[in-house]
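Descriptive analysis of the structure
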Amino acid sequence: MHLAYPAVLAALLFCVGLYGVLARRNAILVLMSVELMLNAVNLNLVAFDVWLRDTLHSGQALTLFTIAIAAAEIGIGLAIVLAVYRNRGTSDIDRLRDTAETDEAETLPDDAETAPGQADGQTGKTKKAEATT
Amino acid sequence: MTTTTLAALVPLLPFLGALGGLAVGRTAPGFVRPLAILPTLTAAVLAVLVAVRQGGGRAIDAATQLTPTGSVPIDLALHLDGFAVLVAVLVTVVATCVQLYSTAYLRDDARYPSYAALVSLFTSAMLLVVYSGDLMVLLVGWEIMGICSYFLVGHYWETPEARAASLKAFLVTKLGDVPFLIGLFALAADTGSFRITKILAAVANGGLEHPTLIALLLLAGVAGKSAQFPLHTWLPDAMAGPTPVSALIHAATMVAAGIYFVARLLPVFAASGAALVVLAVMAAVTMVGSGLAALAQDDIKRVLAYSTIGQLGYMSGALAVGDRGAAVFHLISHGAFKAVLFLAAGVVIHAAGTNSLAAMSRMSGLARRIPDAYWTMTVALLALAAIPPFAGFFSKEAVLVAAEHTALGDRTAAPAAAGWTILIAGLLAAVLTASYAVRLWLLAFRGRGAEVPDHGRQPLAMTSVLWILAVPTIGFGLTAGILGDWFDGHALTPSLTTAVLSTGVTLVGGLVTYGAWRHTTALAARTPIGAVAAHPGAEPALVEAEAMTSHTAAYGTIADAPDPADPGRLLLGPLHRHAVTGFHLDALYTALFVRPVRAAARLVRFLDREVVDTYVNGTGAVTRLLGTAVRRAQTGNVQTYVSALLAGSLALAIAAVVFANVNAGS
Amino acid sequence: MLHTAPPLLTTAAGDHPGFLSPSGVEIAFLLVGLVTLGAAVITVTTRQLVHAALWLVVALGGLAVEYLLLTAEFIAWVQVLIYVGSIVVLLLFGLMLTRAPIGRSPDADSGNRWVALGVALASAAALVWVVVDAFRTTWIDLDGPAQGSTAVTGAFLFRNWVLPFEALSVLLLAALVGAIVLSRKRDTDTSTGRDTSTGRDTSTSTRTGATRRSGPTGTPGKEEQR
């Protein structure tokens, strides 16, 4: 089999994942896209391992490790997303813009309209700080 | 101790006193008064000792060179001749009296420590000028005096008059100092030395190449320092300073420096007949103009200030006819009686609560309240008007005799034209001097109207120094016979012609003024002029400051009061209006110098604000704009950041691959 | 030299067939690969969030098949077990816990999508270009003993890679602890003795105004979309 097939497939999968990471709004969908990228790498690893016929099988071993790390990553990532969701009521990435450079450091451009409903930006932040401790 | 050591100590002691006073002024106020008086007093004793040891004999010269200074060496040199030691005695005695007087005059002043230290520094600088045998060292003292006068005249800096006056004094004297400095360099370039002895030796050998130029340049500085026309305008305004400072400046230090300097370097000036004629014309204009202006002033201190300018005119006149003995003789006797006049005027202002003669002429009993000031001032005014046998008579006679001899060709040191100018102007000024002296006395002490309120006895420190200084005022003239030996050796005794002539015109001037006063005094009752009130119980300095402030407030100007009872108004007639303002010289200077300078300053300000600042602000604005643009990028959206990051790394990766291939292919 | 690449069918090494005469494995790989890629594209573009997770299952499953075709069978089963079995389930749980809307949500893509598309297409072009240019003549010899059978995998994993393997277990433990700590409620809530998994929604909705505003029946994503 030509190595070009798995290699091109991996490259395309990686770019699809890349698009998802950059374009998706929901944090969980972003995590899914990250999984796609990791899998593209895995495919590459396996394909090259098979091609090189490595006696140590570094490619396959690394693939297994990557799968394990991906599992850990998805667990931690979901926990973070849940914590953020609990505190902010949303898991949309483009709403989590506390680091935005604004004239009024406290009021965010998107929160300006929803501010009356929101109890307090400060309490939300402190809760997040407490939740992560 | 050798005479040289003693002489070196004389300027050093007040200087150390000033340093000490400044150092402990805040921490230990108890030491300030001893530190002000004792060094000056010791210096006075030492100066007398030096004078006795020198004894009018050969000049003592001592010099030490601290460090090589290039082609023209600068030495720390002492040059002690008869002029130096006698002027030093005058300076130290007057300074001691002023320091004593100030302890009472500024007894509650918060700034007394710095004031006393500056007076000491002032004295020290003058003594440096007096003793120095090197022109560069002399210049140091000369400039220190300038800055001290700035600080002291501006002592009441809360009042706008004092601020303006101190600036004016500084700037006008500096205006003269610039050509003075150039003149000194030209002199040193011509003679190859700053040492006075060497310069005089070189002049005697005819080594001066540009005598007229050098003399005229130096004269500018002298005119500034000694308040000669046309640079005299700072002196009347300097009356905004405390009275003791006025006494010090007028009697002993600042104004005397210019005359003394010319006396020291008279051969340099005498080498140029043109310079002497210029000096003579300057002196003549100064004498007559200041006499007229003095007759019109309302502020008692301004009368005295113009009289100082006039007397300095006499001294310049004596120098113009080449007789420095007469000049320094008049300098010393004038120092004595002018100190009395100013210090007594301070007492008068304190007792009357005003500095306005018009207000004083509507008070009675001032003489009874302050008998010490009354008697000493009377004596000093007689000396000022040159009534025999007071000191002023003899010294002024010496000047007139010298002028007469020059005019008639008996002396050949100066052109005859200078002699005639001085003689005629001197006689004219004698009339005016007598006139304003009598006017001052009559208005101040012979007023009619409400009784002067009793503020209690004047402090002993103020009255005692009046009597101390009254002694030379009365008696110094009698030394005229022996004094000539201390100076250049020619006699300073009066001659019969000039004595009769000058005393005659003096009496005429005094009597005419008395007559005018008798004529106008009836008007005083009809036109009440509000006495300028002040806190009568406060310290004298505060009373004076308040009096000056309220004088301007009440009459509109510091110089004039709309008083028809003023004999000066009657005597001067239409001239009065011009004389009050000093013949509009200030207005002329304003038009000639102040306005162009202001316009130039506005131009510079415009250039700075509108042109230079535009670039500066533009830099800031562009940076801000860029900053705003960069801030836009900080959206807080992580996806944007990552997109940019990846796009960038992609570009880099492609670039790397392309270049690698291009390089591999080539 | 890259843009003047010779036609793909001309192979430098003549001992294996060109691209126009594919073997059966290659055809299978190509077809499954197309399916996988299509599923992945749908995953990142669909507007229904739950569908995205399901399409992800297809994509990951397709990848497992590809592993099989590459004779890495152990990894293929691990892929199925871990990815399809646990990770996608975890993601689905996450979607539910964050009240992801069921049905089409018009705001699934952020405003960054055009930039993302540009970056992705550019990187895809660059990567494919480089990869094809580099490996167009490389041939994988799939004959012989399977290189990824369970026996082989066990042998190399526990013979050569045992130390990293154990270190990986520590990593997993740390991730476990981290996940627990992150998702734990505050101490005051746990002291009340309520079950964290059931009490989470009510307690968060009473504590933060934002959650309360979205409401128990609401869909936060939609409501906060103005």
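Residues numbered from 1 in each chain as written. Chains lettered and ligands numbered in written order. Predicted model: local features only at pLDDT ≥ 70, side-chain atom pairs only at ≥ 80, totals over all residues.

Quick reminder of the rule: UniProt positions are given in the numbering used here, feature names are shortened, and annotations may be inferred rather than shown by experiment.
As named in an unreviewed UniProt entry, chain C is NADH-quinone oxidoreductase subunit J, taken from Streptomyces rubiginosohelvolus. Quoted verbatim from the Subcellular location (unreviewed entry) field of the UniProt record, the comment on chain C reads "Cell membrane". Its UniProt record gives chain C the following Catalytic activity (unreviewed entry) comment, quoted word for word: "a quinone + NADH + 5 H(+)(in) = a quinol + NAD(+) + 4 H(+)(out)".

If you check an unreviewed UniProt entry, chain B appears there as NADH dehydrogenase from Streptomyces rubiginosohelvolus.

Concerning the overall build of chain B
Our working definition: Helix numbers and strand numbers start at the N terminus; a helix is a DSSP run of H or I with at least 4 residues, a strand a run of E with at least 2. Placing C-beta atoms from the backbone, we regard two residues as in contact once those atoms come within 7 Å.
The helix and strand inventory of chain B stands at 28 helices and four strands. Sequence-distant contacts in chain B: of pairs separated by 6 or more residues, those separated by 24 or more amount to 80%.

Quick word on the overall build of chain C
Each helix and strand counted, chain C has ten helices and zero strands in total. The secondary structure elements of chain C, listed N-terminal to C-terminal, are α-α-α-α-α-α-α-α-α-α. Of the contacts made within chain C by residues no fewer than 6 positions apart, 58% connect residues no fewer than 24 positions apart.

Topic: helix 2 (residues 27-52) of chain A
All names here are of chain A. Convention followed: Expected span, for any helix, means 1.5 Å times one less than how many residues it has. To assign burial, the other C-beta atoms lying within 10 Å of each residue's own C-beta are counted, with C-beta atoms placed from the backbone; 20 or more indicates buried, 12 or fewer indicates exposed, and intermediate counts indicate partly exposed.
The end-to-end C-alpha separation of helix 2 is 38 Å, in line with the 38 Å expected for 26 residues at 1.5 Å each. Burial analysis of helix 2 places 21 of its 26 residues in the buried class, which makes it a mostly covered element. Taken from the residues just after helix 2, Arg53 is the one with a positive phi, measuring 55°.

Considering unusual backbone geometry
Excluding glycine, residues mostly carry a negative phi; peptide bonds, for their part, are mostly trans. The step from B:Phe229 to B:Pro230 runs through a cis peptide bond, and the omega angle for that step is 5°. Its location among the elements puts B:Pro230 in the loop between helix 8 (211-225) and helix 9 (234-237). At A:His57, a position not held by glycine, the phi torsion is positive, near 55°. Structurally, A:His57 can be placed in the loop between helix 2 and helix 3 (58-88). For A:His57, a count of 25 C-beta atoms within 10 Å gives the class buried. Positive phi is not limited to glycine here, since B:Ala386 has a value of about 65°. Relative to the helices and strands, B:Ala386 resides in the loop between helix 18 (371-384) and helix 19 (391-407).

What about the nonpolar core?
One recurring pattern in soluble globular proteins: nonpolar side chains tend to sit buried together. Here is the rule we go by: Core membership is restricted to buried Ala, Val, Leu, Ile, Met, Phe, Trp, Tyr and Cys residues, and these are joined into a nonpolar core through C-beta atoms within 7 Å.
Counting residues in hydrophobic clusters, the biggest one holds 232 residues, and the most contacted among them are B:Val87, B:Ala88, B:Val340 and B:Val348. Here this core gets 20 residues from one element, more than from any other, and that element is helix 15 (residues 324-352) of chain B. Excluding anything up to four places from it in sequence, B:Ala88 contacts B:Val10, B:Ala47, B:Val50, B:Leu127, B:Val130 and B:Tyr131. A:Ile67, C:Leu63, C:Val88 and C:Leu91 belong to the second-largest nonpolar core, a separate cluster that totals 82 residues.

Re the interface of chain A and chain B
What counts, and what does not: Classification convention: Asp, Glu, Lys, Arg as charged; Ala, Val, Leu, Ile, Met, Phe, Trp, Tyr, Cys, Pro as nonpolar; all other residues, Gly among them, as polar.
Contacts between the two partners involve ten residues from chain A and, on the opposite side, ten residues from chain B. A per-class count over the side of chain A that touches chain B returns five nonpolar, one polar and four charged.

Re the packing of helix 18 of chain B against helix 21 (residues 460-475) of chain B
Residues and elements named next belong to chain B. The condition that has to hold: Where helices are involved, their axes are fitted lines through C-alpha atoms of the stretch in contact, as for all axes, and angles between N-to-C directions lie from 0 to 180°. Roughly parallel here means an angle under 35 degrees, roughly antiparallel means over 145, roughly perpendicular means 65 to 115, and every remaining angle is called oblique. Note on convention: near helix rotated counterclockwise from far helix by under a right angle means a left-handed crossing. Clockwise means right-handed.
Viewed as axis vectors pointing N to C, helix 18 and helix 21 meet at an angle of 25°, and their least axial separation amounts to 10 Å. Classified by the angle between their axes, helix 18 and helix 21 sit roughly parallel to one another. Handedness of the helix 18/helix 21 crossing: left-handed. Residues Asp372, Ala373, Thr376, Val379, Ala380 and Ala383 of helix 18 lie in contact with helix 21, whose contacting residues are Thr463, Leu466, Trp467, Ala470, Thr473 and Ile474. Split by residue class, the contact of helix 18 with helix 21 holds eight nonpolar, three polar and one charged.

Let's talk about the UniProt feature "transmembrane region" (unreviewed entry) in chain C
The UniProt feature table records "transmembrane region" (unreviewed entry) at residues 27-45, 52-70, 76-102, 114-132 and 161-182 of chain C. Its end C-alpha atoms 26 Å apart, residues 114-132 of chain C is made of 100% helix and 0% strand.

A few points about the confidence of the model for chain C
Residue and element names in this part refer to chain C. Filter applied, for reference: A residue's pLDDT is simply how confident the predictor is in it, with values from 0 to 100.
Within chain C, residue pLDDT values average 76, and 74% of them lie at 70 or more. Note on residues 1-14: pLDDT is under 50 here. Beyond four places in sequence and across chains, it has 15 contacts. For this predicted complex, the interface confidence comes out at an ipTM of 0.74, alongside a pTM of 0.65.

Digging into the interface of chain A and chain C
Counting residues at the interface gives 75 residues for chain A and 87 residues for chain C. Elements with a minimum of two residues in the side of chain A that touches chain C: helix 1 (4-23), helix 2, helix 3 and helix 5 (121-132) of chain A. Tallying contributions element by element places helix 3 of chain A first for the side of chain A that touches chain C, with 23 residues. Across the side of chain A that touches chain C, the residue classes break down as 49 nonpolar, 17 polar and nine charged.

Some words on helix 14 (residues 300-320) of chain B
Residue and element names in this part refer to chain B. For helix 14, with 21 residues, the first-to-last C-alpha span of 30 Å sits near the 30 Å given by 1.5 Å per residue. Burial of helix 14 is extensive: 21 of the 21 residues sit out of reach of the surface. Within two residues after helix 14, Gly322 carries a phi angle of roughly 80°, on the positive side.

Some details on the packing of helix 15 of chain B against helix 18 of chain B
Residues and elements named next belong to chain B. Direction vectors running N to C along helix 15 and helix 18 enclose 145°, while the axes themselves pass 9 Å from each other. For the crossing formed where helix 15 meets helix 18, the hand is left-handed. On helix 18, the residues that touch Phe337, Val340, Leu341, Ala344, Val347 and Val348 of helix 15 are Ala373, Thr376, Met377, Ala380, Ala383 and Leu384. Grouping the constituent residues of the contact of helix 15 with helix 18 by class yields eleven nonpolar, one polar and no charged.

Describing the pairing of strand 2 (residues 76-80) of chain B
Residues and elements named next belong to chain B. Our working rule: At least two DSSP bridges between two strands are required for those strands to pair.
For strand 2, the tally of buried residues reaches four of five residues, placing the bulk of the element in the interior. Here strand 1 (residues 60-64) pairs with strand 2 via five bridges, running antiparallel. If you follow Asp61 over to strand 2, its bridge partner there is His79.

Overview of the environment of B:Leu235
Residues and elements named next belong to chain B. Mapped onto the elements of the fold, Leu235 is located in helix 9. Judged by the 30 C-beta atoms lying within 10 Å of it, Leu235 falls in the buried class. Sequence separation of Leu235 and His250 is 15 residues, and the distance between their C-alpha atoms is 8.8 Å.

Considerations on the confidence of the model for chain B
Summarising the model, chain B shows a mean pLDDT of 83, and 95% of its residues fall at 70 or more. Confidence scores differ between elements of chain B, with helix 24 (residues 540-555) of chain B showing the lowest mean pLDDT of 72 and helix 4 (residues 112-131) of chain B the highest of 89.

Thoughts on the environment of C:Thr43
Note that C:Thr43 resides in helix 1 (residues 24-45). The spatial distance from the C-alpha of C:Thr43 to the C-alpha of C:Leu54 is 8.0 Å, given a sequence separation of eleven residues.

Focus: the environment of B:Trp441
Inspection of the secondary structure puts B:Trp441 in helix 20 (residues 416-445). In this structure, the C-alpha to C-alpha distance between B:Trp441 and B:Leu357, residues 84 residues apart in sequence, is 9.6 Å.

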